[in-house]
Amino acid sequence: MEASGLLFPRQRQVLFLFLFWRVSLAGSGFGRYSVTEEMERGFFVGNLAKDLGLDAGELISRGAQVVSNENRQPLQLNINTGDLLLSERLDREEICGSAEPCVLHFQVLMTNPLQFLQIELQVRDINDHSPIFSEKEMLLEIPENSPIGAVFLLESAEDLDVGENIVKTYILSPNSYFHIKMRVNPDNKKYPELVLDKALDYEEQPELSFILTAVDGGSPPRSGTALVRVVVVDTNDNLPEFEQPFYEVKIPEDSTLDSLVVTVSAWDLDSGVNGEIIYTFSHASEDIRKTFKINQKTGEISLAASLDFETIESYSVIIQATDGGGLFGKSTVRIHVMDVNDNAPEIVVSSITSSIPENSPEIVVMVFSTRDKDSGDNGRMICSVSEDLPFVLKSSVENYYTLETEKTLDRESKADYNITIIVTDFGTPRLKTQLSITVQVSDVNDNAPTFTQASYTLFVRENNSPALHIGTISATDRDAGTNALITYSLLPPRDPQLALASLVSINADNGQLFALRALDYEALRAFEFRVGATDRGSPALSSEAPVRVLVLDANDNAPFVLYPLQNASAPCTELVPRAAEAGYLVSKVVAVDGDAGQNAWLSYQLLKATEPGLFSVWAHNGEVRTARLLGERDAPRHRLLVQVRDNGEPPLSASVTLHVLLVDGFSQPYLPLPEVAPERAQADSLTVYLVIALASVSSLFLFSVLVLVGVRLCRRGRAASLGRCSVPEGHFPGHLVDVSGSGTLAQTYQYEVCLTGGSSGTSDFKFMKPVYPNIHTYSLENISEDNPTFNSFGIFQ
């Protein structure tokens, strides 16, 4: 096919082109091209540059392009030549269908200056489709008694082409019975009708066949054919008959819906409508109509509802077959429902006990029966219970069981049991039912209370406030309820001298212990008693536990000075020779503390002295020593105030006054200090005992020293050095006195002395220097109980 040129003269092109150049940003119409369908890709449609009166170079400079509003772009522009070419093969029927004319719209876009040109492409039809009948075979059933001239409608053919290419006529193959008559519908489409020309006779010819041809108006014309079958319908003169007068089938009860049960079949010697059979239920009950359905054409009987063997075991159904003329035949269908194992066993409980007492043998927990609606092996059952439980199943009569305890139960070991009874049938597949029950074991008071500790040790600091909570005892009872409620009590003490009722009390509900009065560590350091725990069961059970209370020491006793005595009628004066060197032992303060531990650790301190710096006190043993050499200018009389402090919190202290007299020799008479007034003696028992003990021990020690000194002086009299001192013939020939410190002093001291004689006939001891041997420590108890004190002369007091 050839493409046509533009549909308007060149003069009009020039005029339009002039107008397009004058209008900016506006679109305008241009012209129409046409092309025949089914042209090859690249087919020449027209020359755009020529039609616009432009050179090919102007199209390039103005950026000309073809755009479309459609989803497809069938045209392409050769920008170099200005030719419009087909970019694809066009099918008019695919693009426009039956619409006429078939026009595609495009735009030519030029950007410099901006200009739109509207063009159209008309796709012309060709006769490329033949008429087609939707059915290749048309069946007509015409009664044999139809009158001549009767008209029967035939199906028309369809042609996708348009215009002159559509269907123009129908032709029927030559025959003596029918001819074709053409009709035109409101759409101007022609359709055929079959007109009877000769009477039909079923017995002579029951069926006729013709070829119907549809021819279009194309050049050359195309055609399509279809087979027309005419079936001559006979009259109804035969009854339908079933293949079997009686059908018997079996079907499982678990068959799914729409499952085929059976197919009944009947035939009729007549033909056509008279030979067509319809199957229906006859005199069927409501259950049958709800349970089954029948296909009226095929005779297939299928399930419309679920079957249940336990409800209905079989059905009897009458089937009726009726032909088109109203004649019918009957047959009976017997349907047997086969049992399947679709019912799980059931457990029916007659009695049950949810709580049983512990320690009771063979108690019936539950009585129950089992049943299964199925039959045969599907209805046989076996009953079981877990073997790890102390319960057993016993069968009494058929399908009746009792659940009993196998042994005595202990609630404290396990308070409840979850029991699962399983009933299983023997069907295929096996079905089972489980029943779970919980059995509580009720408590019996068979457990005595148990203390959390075998014994209790409590600590309480002395001088506590009355009603002080000193501790809690606790006991548990494995029983439950009132059997586990515990009452606490104090048991009578084993020591009849212990007044327990005045010392502690106990809260009967929670076991809290309270001190009823203030405790004194120095009077009572510890005491023991027993507590009892009794439950509230019947009969009540009890247990006991020992409790030991340790009284902790508090710093409530100030240090007590044993030496020097502070309650004597005359003060104790220590004599110190002026020739004593630095570190000379003047005296030792001895004190005790009634407390214990660090509360009894004592330290000593010199608080006040007549001449500071002359004397010092050792902090740990209370020894008073000279801090330097004595001089002639030092005052002869000194008063020292020594403080004794314990290590408690808060610390307590006591003070003692020492009187020190500096002398040139021991022969110098001792004069009591006038400024010291005698204190009134405090005649307490402890002081009296201490004074008596010290006096006795001092006398014995003095006698021993005198004997020892006399013996040693006699042995060494002749060997004495005259250069050191002159020794007259007296009763002291020796020059050394050894004193072993076994009294209140903590060391052993040796003093080198000389006995001198003067013109006046008096004799004095002179201390030359002390000798310090190894130090030996003694306990505070030995000091306070066994050792006497001595003064600076080494003579016991």
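Our subject in this report is the structure included herewith. Quick caveat: nothing in here was measured; it's all calculated off a predicted structure. Within each chain, residue numbers correspond to sequence positions counted from 1 in written order. Totals for whole chains, interfaces and linings use every residue, but because this is a predicted model, local features are given only for residues with pLDDT of at least 70 and side-chain atom pairs only at 80 or more, for both listing and counting. The side-chain quantities take in all heavy atoms of the structure and omit both hydrogens and water.

**Comments concerning the overall build of the protein chain**
Reasoning step 1: Strands here mean DSSP runs of E at least two residues long; helices mean DSSP runs of H or I at least four residues long; both are numbered from the N terminus. Assigned secondary structure in the protein chain consists of seven helices and 54 strands.
Reasoning step 2: Across the 797 residues of the protein chain, 41% fall into the buried class.
Reasoning step 3: Of all intrachain contacts in the protein chain linking residues separated by at least 6 positions in sequence, the fraction that spans at least 24 positions is 66%.
Reasoning step 4: Accessible surface is estimated by sampling points in the Shrake-Rupley manner with a 1.4 Å probe; for residues, cover comes only from the protein chains shown. Accessible surface, the protein chain: about 42,700 Å² in total, of which carbon and sulfur atoms supply 53%. Throughout, exposure labels follow a simple rule: accessible area from a 1.4 Å probe, protein chains only, divided by the maximum for the residue type, with under 20% read as buried, over 50% as exposed, and the rest as partly exposed. Residues are treated as being in contact if the distance between any of their heavy atoms lies within 4.5 Å.

**Section: the packing of aromatic side chains**
Reasoning step 1: Each pair of aromatic rings taken from Phe, Tyr and Trp, with Trp reduced to its six-membered ring, is defined by centres within 6.5 Å and is described as stacked if the planes are under 30 degrees apart, edge-to-face if over 60, and tilted in the remaining cases. According to the stated counting rule, one finds eight aromatic pairs in the structure shown.
Reasoning step 2: Ring geometry for Phe368 versus Tyr401: centroids 5.6 Å apart, planes at 20 degrees, classification stacked. One end of the pair, Phe368, is in strand 28 (residues 364–371); the other, Tyr401, is in strand 31 (residues 400–405), with 33 residues separating them in the sequence.
Reasoning step 3: Arranged with centres 6.0 Å apart and planes meeting at 25 degrees, the rings of Phe527 and Phe529 form a pair that is stacked.
Reasoning step 4: For a Lys NZ or an Arg CZ to count as sitting over a ring, it must be within 6 Å of the ring centre and within 35 degrees of the ring normal. Just above the ring of Phe426 sits the side chain of Arg380; from NZ or CZ to the centre is 4.4 Å.
Reasoning step 5: Over the ring of Trp618 we find Arg625; its NZ or CZ atom is 4.6 Å from the centre of that ring.

**Considerations on the pairing of strand 44 (residues 573–577)**
Reasoning step 1: With respect to burial, strand 44 is a largely interior element, five of its five residues being buried.
Reasoning step 2: Going residue by residue along strand 44, you find Thr573, Leu575 and Pro577 tucked away on one face and Glu574 and Val576 tucked away on the opposite face as well.
Reasoning step 3: A pair of strands is considered paired only if DSSP assigns at least 2 bridges between the two. Summarising the sheet, strand 44 and strand 51 (residues 653–663) pair through five bridges and their orientation is parallel. Its bridge partner being in strand 51, Glu574 is matched across the sheet by Val660.

**Here's the deal with the sheet that holds strand 29 (residues 381–385)**
Reasoning step 1: Judged by pairing direction, the sheet is mixed, and its four strands sit side by side in the order 27-33-32-29 without closing on themselves. Among the strands making up the open sheet, the edge pair consists of strand 27 (355–357) and strand 29. Across the sheet, the axes of successive neighbouring strands diverge by a mean angle of 30 degrees, strand direction being ignored.
Reasoning step 2: Pairing of strand 29 with strand 32 (residues 416–425) involves five bridges; the strand directions are antiparallel. Helix axes use the C-alpha atoms of the stretch in contact, all axes being lines fitted to C-alpha atoms, and the angles between their N-to-C directions lie in the range 0 to 180 degrees.

**Here's the deal with the pattern of salt bridges**
Reasoning step 1: The rule for a salt bridge is simple: a side-chain nitrogen of Lys or Arg has to be within 4 Å of a carboxyl oxygen of Asp or Glu. Enumeration according to the criterion identifies 17 salt bridges in this entry.
Reasoning step 2: The residue Arg371 makes a salt bridge to Glu346 at a minimum N-O spacing of 2.7 Å. In this pair, Arg371 is assigned in strand 28 and Glu346 in strand 26 (residues 346–352), connecting sequence segments 25 residues apart.
Reasoning step 3: A relative accessible area of 26% places Glu346 in the partly exposed class.
Reasoning step 4: In this structure, Glu544 engages Arg530 in a salt bridge whose closest nitrogen and oxygen atoms are separated by 3.0 Å. Linking Glu544 in strand 42 (residues 542–552) with Arg530 in strand 41 (residues 526–535), this pair joins segments that are 14 residues apart in sequence.
Reasoning step 5: A relative accessible area of 44% means that Glu544 is categorised as partly exposed.
Reasoning step 6: It is possible to trace a salt-bridge network through shared partners that takes in Glu137, Glu207 and Arg229.

**Details of a nonpolar patch on the surface**
Reasoning step 1: Patches were defined on residues exceeding 30% relative accessible area and lacking a salt bridge, with like-charge contacts within 9 Å and nonpolar side-chain contacts (Val, Leu, Ile, Met, Phe, Trp, Tyr) within 5 Å. Judged by side-chain polarity, Val688, Tyr689 and Ile692 come together as a nonpolar surface patch covering roughly 320 Å² of accessible area.
Reasoning step 2: Relative to the assigned elements, Tyr689 resides in helix 6 (residues 685–716).
Reasoning step 3: Taking relative accessible area as the criterion, Tyr689 reaches 59% and is therefore assigned exposed.

**Regarding the pairing of strand 6 (residues 102–111)**
Reasoning step 1: Taking burial as the measure, the 10 residues of strand 6 include seven buried ones, the bulk of the element.
Reasoning step 2: Across four bridges, strand 3 (residues 65–68) lies against strand 6 in antiparallel orientation. Residue Val67 lies in a different strand from strand 6, and its bridge partner there is Gln107.
Reasoning step 3: In terms of strand pairing, strand 6 meets strand 7 (residues 114–124) through 10 bridges, oriented antiparallel. Pairing of Phe106 across the sheet is with Ile119, part of strand 7.
Reasoning step 4: Connecting the antiparallel pair strand 6 and strand 7 is a turn made up of two residues.

**Some points on the sheet that holds strand 10 (residues 151–153)**
Reasoning step 1: Spatially, the three strands line up as an open sheet ordered 10-14-13, and their pairing is antiparallel. What marks the edges here is a single partner per strand, and that holds for strand 10 and strand 13 (178–184). Neighbour-to-neighbour, the strand axes of this sheet turn through a mean angle of 35 degrees, independent of strand direction.
Reasoning step 2: Here seven bridges tie strand 13 to strand 14 (residues 190–196), and the two strands are oriented antiparallel to one another. Looking across to strand 14, one finds that Arg183 is bridged to Tyr191.

**Some remarks on the side chain of Gln107**
Reasoning step 1: Positionally, Gln107 belongs in strand 6.
Reasoning step 2: Reaching out from Gln107, the side chain makes a polar contact with the side chain of Gln118 at a distance of 3.5 Å. Nitrogen and oxygen atoms within 3.5 Å of one another constitute a polar contact, given that in protein one can donate a hydrogen and the other can accept it, and given that sequence-neighbouring residues count only through two side-chain atoms.

**Thoughts on the layout of surface pockets**
Reasoning step 1: With a 1 Å grid laid over protein atoms only, a set of points is called a cavity when a 1.4 Å probe fits there but cannot get out and a pocket when it is open yet has protein on both sides within 12 Å along at least five of seven lines; lining residues have an atom within 4 Å of a point. Grid points are joined across faces, edges and corners, and a volume is the space filled by probe spheres set on the points. There is about 440 Å³ of room inside the largest pocket.
Reasoning step 2: Looking at the lining of the largest pocket, the elements with two or more residues in it are strand 11 (157–158), strand 12 (167–172) and strand 14.
Reasoning step 3: For the lining of the largest pocket, the residue count by class is seven nonpolar, six polar and eight charged. Note on residue categories: nonpolar means Ala, Val, Leu, Ile, Met, Phe, Trp, Tyr, Cys or Pro, charged means Asp, Glu, Lys or Arg, and polar means any other residue, Gly included.

**Structural notes on unusual backbone geometry**
Reasoning step 1: A cis amide bond links Ser219 to the next residue, Pro220, at an omega of -5 degrees.
Reasoning step 2: With respect to the helices, strands and loops of the structure, Pro220 is situated in the loop between strand 15 (207–216) and strand 16 (223–233).
Reasoning step 3: Each neighbour pair has its own omega, and for Thr428 with Pro429 the value is -5 degrees, a cis peptide bond.
Reasoning step 4: Residue placement: Pro429 occurs in the loop between strand 32 and strand 33 (432–442).
Reasoning step 5: For Asn463, which is not glycine, the phi dihedral falls at a positive 65 degrees.

**Details of the side chain of Glu404**
Reasoning step 1: As for its placement among the helices and strands, Glu404 is situated in strand 31.
Reasoning step 2: At a separation of 3.4 Å, a polar atom in the side chain of Glu404 contacts the side chain of Thr402.

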